[in-house]
Amino acid sequence: MGNFSRQLLNAWNTNDDQSQARIVRNTLGHPHHKSLARFMAKSFLSDFQGTEGWINVFKELAKMDFNLVKSIHQKEIRQVSKWWKDLGLAKELKFARNQPLKWYMWPLAVLPHPSLSEQRIELTKPISLVYIIDDIFDVHGTIDELNLFTEAVNRWEYEAVEPLPDYMKTCFNALNGITNEISSKVYKDYGWNPIDSLRKSWAILCNAFLVEARWFSVGHLPKTDEYLKNGIISSRVHVVLVHMFFLLGHGITKRNVDIVDDFPGIISSVATILCLWDDLGSAQDENKEGHDGSFLDCYMKENPGTSM
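What comes next is a walk through the structure.

Rules behind the numbers
- Residues numbered from 1 in each chain as written.
- Predicted model: local features only at pLDDT ≥ 70, side-chain atom pairs only at ≥ 80, totals over all residues.
- Heavy atoms only, no water.
- Helix = DSSP H or I, 4+ residues; strand = E, 2+ residues; numbered from the N terminus.
- Buried < 20%, exposed > 50% of the residue type's maximum accessible area, 1.4 Å probe, protein only.
- Contact = heavy atoms within 4.5 Å.
- Salt bridge = Lys/Arg side-chain N within 4 Å of Asp/Glu carboxyl O.
- Phe/Tyr/Trp six-rings, centres within 6.5 Å; stacked < 30°, edge-to-face > 60°.
- Patch = residues over 30% accessible without salt bridge, like charges linked within 9 Å, V, L, I, M, F, W, Y side chains within 5 Å.
- Areas by Shrake-Rupley, 256 points an atom, 1.4 Å probe, with all protein chains shown as cover.
- Disulfide = S-S within 2.5 Å.
- Axes fitted to C-alpha atoms, helices over the stretch in contact; angles between N-to-C directions.
- Left-handed = near helix turned anticlockwise from the far one by under 90°.
- Nonpolar A, V, L, I, M, F, W, Y, C, P; charged D, E, K, R; others polar.
- Arc of directions from axis to C-beta.
- Core = buried A, V, L, I, M, F, W, Y, C linked by side-chain atoms within 4.5 Å.
- Parallel < 35°, antiparallel > 145°, perpendicular 65-115°, else oblique.

Re the overall build of the protein chain
Phase 1 of the analysis: Helix and strand content of the protein chain: 16 helices and zero strands.
Phase 2 of the analysis: A total of 308 residues make up the protein chain; the buried ones form 42% of that total.
Phase 3 of the analysis: Relative to all contacts within the protein chain whose residues are 6 or more apart in sequence, the contacts with residues 24 or more apart total 65%.

Structural notes on the pattern of salt bridges
Phase 1 of the analysis: Evaluation of the coordinates by the stated rule reveals 15 salt bridges.
Phase 2 of the analysis: We note a salt bridge from R120 to E76, for which the minimum N-O separation is 2.7 Å. Residue R120 is located in helix α7 (residues 117–140), and its partner E76 is located in helix α4 (residues 53–87); the two are separated by 44 residues in the primary sequence. Each member of the pair, R120 together with E76, is buried.
Phase 3 of the analysis: The partner of K169 in a salt bridge is E162, with the nearest N and O atoms 3.7 Å apart.
Phase 4 of the analysis: Under the relative-accessibility criterion, K169 is labelled partly exposed at 21%.
Phase 5 of the analysis: Taking the relative accessible area as the measure of exposure, E162 reaches 40% and is therefore partly exposed.
Phase 6 of the analysis: Overlapping salt bridges, with partners in common, bring together R97, D134, D135 and R236 in one network.

Comments concerning the packing of aromatic side chains
Phase 1 of the analysis: A full pass over the atoms with the stated rule returns 10 aromatic pairs.
Phase 2 of the analysis: Taken together, a centroid distance of 5.9 Å and an interplanar angle of 45 degrees make the contact between W83 and W84 tilted. Taken individually, W83 and W84 each receive the classification buried, so the pair is uniform in this respect.
Phase 3 of the analysis: Arranged with centres 6.4 Å apart and planes meeting at 25 degrees, the rings of F295 and Y299 form a pair that is stacked.

Description of a nonpolar patch on the surface
Phase 1 of the analysis: Taken together, the side chains of L36, F39, L101 and M105 define a hydrophobic patch exposed on the protein surface, amounting to about 330 Å² of accessible area.
Phase 2 of the analysis: Secondary-structure assignment places F39 in helix α3 (residues 37–47).
Phase 3 of the analysis: On the basis of relative accessible area, F39 is assigned to the partly exposed category, the value being 39%.

Observations regarding the state of the cysteines
Phase 1 of the analysis: Within the structure shown, the criterion is met by zero disulfides.
Phase 2 of the analysis: The structure places no disulfide on C275, whose sulfur is separated from the nearest cysteine sulfur, that of C298, by 9.6 Å.

Looking at the environment of L36
Phase 1 of the analysis: Among the secondary structure elements, L36 is positioned in the loop between α2 (18–29) and α3.
Phase 2 of the analysis: On the basis of relative accessibility, which here comes to 31%, the residue L36 falls in the partly exposed class.
Phase 3 of the analysis: In this structure the C-alpha to C-alpha distance between L36 and V110, which are 74 residues apart in sequence, comes to 9.6 Å.

Regarding the packing of helix α10 (residues 166–190) against helix α11 (residues 195–217)
Phase 1 of the analysis: The N-to-C vectors of α10 and α11 enclose an angle of 145 degrees; their axes lie 9 Å apart at closest approach. Crossing of α10 over α11 shows right-handed handedness. Facing L175, N176, T179, N180, I182 and S183 of α10, the residues of α11 in contact are I195, L198, R199 and W202.
Phase 2 of the analysis: Among the residues forming the contact of α10 with α11, the class breakdown is five nonpolar, four polar and one charged.

Here's the deal with helix α6 (residues 100–110)
Phase 1 of the analysis: Along α6, the residues that are buried comprise P100, W103, Y104, P107 and L108. The buried residues of α6 occupy an angular sector of 150 degrees when projected down its axis, which confines them to one face.

Digging into the nonpolar core
Phase 1 of the analysis: Of all hydrophobic cores here, the largest spans 53 residues; its most connected members are I133, F149, V153 and W202.
Phase 2 of the analysis: Those elements that place two or more of their residues in this core are α4, α7, α8 (143–155), α9 (158–161), α10, α11, α13 (237–248) and α14 (254–261).
Phase 3 of the analysis: Excluding residues that lie within four positions of it along the chain, W202 makes contacts with P126, L129, V130, I133, V153, W156, L175, T179, V239 and H243.
Phase 4 of the analysis: Residues I232, V237, F263 and I267 belong to the second largest nonpolar core, which totals five residues.

Points about the packing of α7 against α10
Phase 1 of the analysis: In the contact formed by α7 and α10, the axes pass within 11 Å of each other and the chain directions differ by 155 degrees. In terms of axis orientation, α7 runs roughly antiparallel to α10. By crossing handedness, the relation of α7 to α10 is classed as left-handed. Every residue of α10 that contacts α7 at E118, Q119, E122, K125, P126, L129, I132, I133, I136 and H140 is listed here: Y167, M168, C171, A174, L175, I178, E181, I182, K185 and Y190.
Phase 2 of the analysis: Here the residues of the contact of α7 with α10 sort into 13 nonpolar, two polar and five charged.

The analysis is restricted to geometry; functional conclusions fall outside its scope.
This is the structure:
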């Protein structure tokens with residue numbers, strides 16, 4: 001039914017009503033269930049046509065809101081860019097991605113309300129480290145180095161950091177600094193120190209990254225269930241949502257913190273969707289050269305004769 005409707009709408013797009021045709025093209029290219037309202041606001045305002053006076057008043061109000069929110073986002077981008085430059089990881093770790101604007105899009109998508117500016121900026125920081133650590137595991141580190149790094153993140157002690165190569169020490173120091181900074185902020189704002197939860201989320205992520213690195217190092221392609229069980233952790237969703245939970249500060253109690261720490265179904269379900277969506281997507285990061293397999297590879301191995 002969806003493909004049939006799409007064909008009819010594409011055929012209708014050749015009619016003479018250019019305004020309506022443009023709206024249809026935009027909707028087909030950016031369907032509502034795959035788009036964010038804030039990202040589509042500019043196109044909507046351009047396409048919106050109204051003759052009633054009250055409609056035009058609402059349109060002007062929407063334009064004011066759009067420009068106000070845009071100025072907030074531009075300010076945030078400047079702050080994120082300055083923070084990333086001052087952190088210095090782009091210079092120290094030449095092999096890793098250098099995409100602060102892309103990393104900022106995560107918080108912009110999940111925390112769209114204009115009042116959450118500070119939370120968006122703070123959430124960008126651990127997200128940036130997620131990508132840097134992913135590059136270390138997937139592109140640069142040897143298995144022996146990755147074992148040491150994973151142990152250091154699990155123990156979070158000076159003695160465990162000392163044997164690391166310099167580039168891993170640089171990364172761990174940045175991770176430690178960001179974790180301490182966010183923990184101090186959350187404690188100041190909400191009276192709860194989340195440092196144990198944050199450290200635990202990083203340890204869980206690195207353990208999953210290490211599993212994938214070991215698979216690839218020996219050419220092992222796991223079964224689909226095994227791959228997916230690990231993939232929902234390496235999808236990065238848990239570590240991001242744990243940080244977001246504390247930065248928002250809603251419902252921080254011992255009971256709720258225990259639930260979040262234990263990877264609840266509401267998080268694992270989102271992680272499963274993202275893991276499979278990422279594997280099914282055809283886009284490949286132009287700066288990433290690692291190979292960590294996919295659910296499709298595992299499935300096709302278990303089901304010979306299957307084709308895409």
